[in-house]
Amino acid sequence: MTNDPSYQKLFSDGVKLHELGIAGDKNAVKKACDIFAKLHKADPQDHLAEAYFGSSTALLGRDSIDPNQKLKLTLRGIKMLDKVIAKDPQNIETRSIRAYVNFNLPEMVFHRTGSAVEDFNTLITMYEHDKKAISEDFYHQVLYDLGVAYKRVGKIEQMKTVWAKLSQMTKDPIILKKIAQE
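Residues numbered from 1 in each chain as written. Predicted model: local features only at pLDDT ≥ 70, side-chain atom pairs only at ≥ 80, totals over all residues. Heavy atoms only, no water.

In the annotation of an unreviewed UniProt entry, the entry for the protein reads Tetratricopeptide repeat protein, and the organism field reads Desulfitobacterium dichloroeliminans.

As structure tokens, then:
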């Protein structure tokens, strides 16, 4: 099913809508969720479509006005993402999606920063064992965000260690400035 051109087109459209949704377009979130629900139903073995479905569901929660729906949808999306990782723990794309969904959730409500730390560390390990696993720029971003996550949960020594490592390997002025500001 996933090799079918119409499936691939719909998947590509869903990813574009998902990105617009991340940027705040509520209508795009609804459309992306509908697309990934359809794709997941068509091919339940497509873990990436399922991860996007989970992320889109969490975004629906983000955008909901009703506090009960907000919590319900966000938790449903998280649960879907956790199931995907349990089925395919070495998939870089699904790890990245779950990492950033969890990273962007308020820690005081969802307590998911630890899961983001796990995913960031997995992505870092993958890159350090295979430099082609992810781009170097993304690796640097993950290192920076890992430091932020450590800071969020009060693990200041781990934050300092990660950012010291990152400071030695990047010349990116934006990342270096962010670290200096922290």
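On we go from here.
Colleague: In this structure, what is going on with the packing of aromatic side chains? I would like to understand it.
Modeller: Aromatic rings in a pair are described by how distant their centres are and how their planes are angled relative to each other. For the structure shown, the criterion picks out nine aromatic pairs. Between F11 and Y52, the ring centres sit 5.8 Å apart and the planes meet at 85 degrees, which makes this aromatic pair edge-to-face. With F11 in helix α1 (residues 5-22) and Y52 in helix α3 (residues 47-63), the pair connects residues that are 41 residues apart, well separated along the chain. Note on accessibility: F11 and Y52 belong to one class, buried. Ring geometry for F103 versus F120: centroids 5.5 Å apart, planes at 70 degrees, classification edge-to-face. In this pair, F103 is assigned in helix α5 (residues 92-103) and F120 in helix α7 (residues 113-129), connecting sequence segments 17 residues apart. (Phe/Tyr/Trp six-rings, centres within 6.5 Å; stacked < 30°, edge-to-face > 60°. Helix = DSSP H or I, 4+ residues; strand = E, 2+ residues; numbered from the N terminus. Buried < 20%, exposed > 50% of the residue type's maximum accessible area, 1.4 Å probe, protein only.)

Colleague: Any chance you could explain the domain arrangement of the protein here in plain terms?
Modeller: You'll often see interface size given as the accessible area lost when the parts meet. By domain assignment, the protein separates into domain 1 (1-88) and domain 2 (109-181). A separation of 25 Å is found between the C-alpha centroids of domain 1 and domain 2. (Domains from an automatic or database assignment.)

Colleague: Can you help me understand a nonpolar patch on the surface in this one?
Modeller: A surface patch of nonpolar side chains, about 430 Å² in accessible area, is lined by L71, L75, M108 and V109. Those elements that place two or more of their residues in the nonpolar patch are α4 (67-87) and α6 (107-110). Tracing the backbone through its elements, the reader meets L75 in helix α4. (Patch = residues over 30% accessible without salt bridge, like charges linked within 9 Å, V, L, I, M, F, W, Y side chains within 5 Å. Areas by Shrake-Rupley, 256 points an atom, 1.4 Å probe, with all protein chains shown as cover. Salt bridge = Lys/Arg side-chain N within 4 Å of Asp/Glu carboxyl O.)

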